[in-house]
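# Residue-level structure breakdown
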Amino acid sequence: MGSAGDGLAGRAGAGSAEVRSLYDDWAPGYDADVEMWGYAVPGRVAELIADRVPSGRVLDAGCGTGLVGVAIAVRNPEIDLVGIDVSPASVTLARERNVYAELSVASLDERLDATDGSFDAVVCAGVLSYVADVEATLAEMIRVARPGGRVVATHRSDLWSEQEGDAIVERLVAAHDVTASVSDPQPYLPDHDEFGDEIEVIYVTLDLAPAAADVSGAPD
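Source: prediction; values computed, not measured. (Residues numbered from 1 in each chain as written. Predicted model: local features only at pLDDT ≥ 70, side-chain atom pairs only at ≥ 80, totals over all residues. Heavy atoms only, no water.)

The next subject is the overall build of the protein. Helix and strand content of the protein: eight helices and seven strands. Here the C-alpha radius of gyration of the protein, 17 Å, is about what a compact globule of 220 residues would show, namely 17 Å. Expressed along its principal axes, the backbone C-alpha trace of the protein runs to roughly 70 × 35 × 30 Å. In the protein, 70% of the contacts between residues at least 6 apart in sequence involve partners at least 24 apart. In the form shown here, the protein has an accessible surface area of approximately 10,300 Å², with 48% of it arising from carbon and sulfur atoms. Counting 14 positive and 39 negative side-chain charges, the protein places the averaged centre of each group 5 Å from the other. (Helix = DSSP H or I, 4+ residues; strand = E, 2+ residues; numbered from the N terminus. Rg over C-alpha atoms; globule rule 2.2 N^0.38 Å. Contact = heavy atoms within 4.5 Å. Areas by Shrake-Rupley, 256 points an atom, 1.4 Å probe, with all protein chains shown as cover. Lys, Arg positive; Asp, Glu negative; His and termini not counted. Charge placed at Lys NZ, Arg CZ, Asp CG, Glu CD.)

Structural data, given as structure tokens:
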């Protein structure tokens with residue numbers, strides 16, 4: 001019997017309704033499938049925020065069944081996790097992990113229901129393949145991250161090139177007070193027949209500049 005993840009490589013660009021249906025169907029078997037395919041992204045994402053955000057409030061944007069949340073919580077249980085995902089079934093399973101302070105169903109194609117600067121970090125793993133506008137989605141994550149905070153997102157190496165990801169990052173750096181780091185392609189789902197060594201993962205790190213008071217210190 002096949003997995004709901006069969007044909008996964010060709011699903012990039014699917015709309016919110018299709019993605020919701022896919023992951024609602026896949027949710028019960030998702031964790032076992034990605035473990036079988038060698039999925040190491042959650043641990044790497046947790047590492048990328050650990051040094052910048054040792055504590056505070058972190059948004060897991062596109063939290064799925066909660067694998068990234070677990071990786072963050074294991075590394076630093078002091079972090080206050082908020083998760084959102086388009087798939088209600090995935091959110092239900094994430095809730096059962098008991099690592100999120102808040103969870104809700106939401107689409108990353110819409111404005112985030114959060115005020116400016118309300119998170120110490122934002123992470124987004126394995127989701128940008130499905131959003132309508134990668135640049136707008138990343139800009140929205142920058143908006144809700146606090147000064148001095150960090151945004152970490154992943155994207156498929158093939159789509160990064162196709163969508164001119166480096167140019168997107170350059171525009172975000174020019175438009176916002178951020179610095180950026182883009183990794184070389186790294187293994188994504190190495191044991192998945194459609195991914196293997198052909199489709200890897202890019203890690204994008206966007207660091208927001210500290211607020212002026214954090215840089216200069218309190219006035220004499």
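Further remarks concern the packing of helix 2 (residues 41-50) against helix 3 (residues 67-75). Relative to each other, helix 2 and helix 3 sit at 45°, their axes nearing to 8 Å. Viewed along their axes, helix 2 and helix 3 adopt a mutual orientation that is oblique. Handedness of the crossing formed by helix 2 with helix 3: right-handed. Where helix 2 approaches helix 3, its residues Pro42, Gly43, Val45, Ala46, Glu47, Ile49 and Ala50 are matched on the opposing element by Leu67, Val68, Ala71, Ile72 and Arg75. Residues of the contact of helix 2 with helix 3, tallied by class, amount to nine nonpolar, one polar and two charged. (Axes fitted to C-alpha atoms, helices over the stretch in contact; angles between N-to-C directions. Parallel < 35°, antiparallel > 145°, perpendicular 65-115°, else oblique. Left-handed = near helix turned anticlockwise from the far one by under 90°. Nonpolar A, V, L, I, M, F, W, Y, C, P; charged D, E, K, R; others polar.)

Okay, the nonpolar core next. Residues Tyr39, Val41, Val45, Ile49, Val58, Ile72 and Val123 are the most contacted members of the largest nonpolar core, which totals 38 residues. For this core, the secondary structure elements donating two or more residues are helix 1 (16-36), helix 2, helix 3, strand 2 (79-85), helix 4 (88-95), strand 3 (100-105), strand 4 (119-124) and strand 7 (201-208). Ranked by residue count, the leading element in this core is helix 1, at six residues. When residues no more than four places from it in sequence are discounted, the contact partners of Ile72 are Ala46, Ile49, Val58, Ile79, Leu81 and Val123. If you look at the next biggest cluster of nonpolar residues, it comprises 29 residues, including Val82, Val144, Ile168 and Val204. (Core = buried A, V, L, I, M, F, W, Y, C linked by side-chain atoms within 4.5 Å. Buried < 20%, exposed > 50% of the residue type's maximum accessible area, 1.4 Å probe, protein only.)

The subject of this paragraph is helix 5 (residues 134-144). Of all eleven residues that make up helix 5, eight are buried, and the element is covered over most of its length. Three or more residues of helix 5 are buried, namely Val134, Thr137, Leu138, Glu140, Met141, Ile142, Arg143 and Val144. Buried positions along helix 5 lie against strand 1 (56-61), strand 4, strand 5 (145-156), helix 7 (165-175), strand 6 (178-182) and strand 7. By the N-cap criterion, in which a side-chain oxygen at the helix start approaches the backbone nitrogen of a residue two or three places on, helix 5 is capped by Asp133, the distance to Glu135 being 3.2 Å. (Polar contact = N/O pair within 3.5 Å; in protein donor to acceptor, adjacent residues only side chain to side chain.)

Among the secondary structure elements, Thr137 is positioned in helix 5. Along the primary structure Thr137 and Tyr100 are separated by 37 residues, whereas in three dimensions their C-alpha atoms are 22 Å apart. Filtering out sequence-adjacent residues up to four positions away, Thr137 remains in contact with Leu108, Leu128 and Val131.

Across the sheet, seven strands lie side by side as 3-2-1-4-5-7-6; this open sheet has mixed pairing. Bordering the open sheet on either side are strand 3 and strand 6, each of which pairs with just one other strand. Taking the axes of each pair of neighbouring strands and ignoring which way they run, one obtains an average angle of 15° across the sheet. The pairing of strand 1 with strand 2 spans six bridges and is classified as parallel. Looking at strand 2, one finds that Ala61 is bridged to Ile84. Running at roughly 155° to strand 5, helix 2 makes contact with strand 1, strand 2, strand 4, strand 5 and strand 7 of the sheet. Lying over the sheet, helix 7 contacts strand 6 and strand 7, oriented at roughly 165° with respect to strand 6. (Pairing = 2+ DSSP bridges.)

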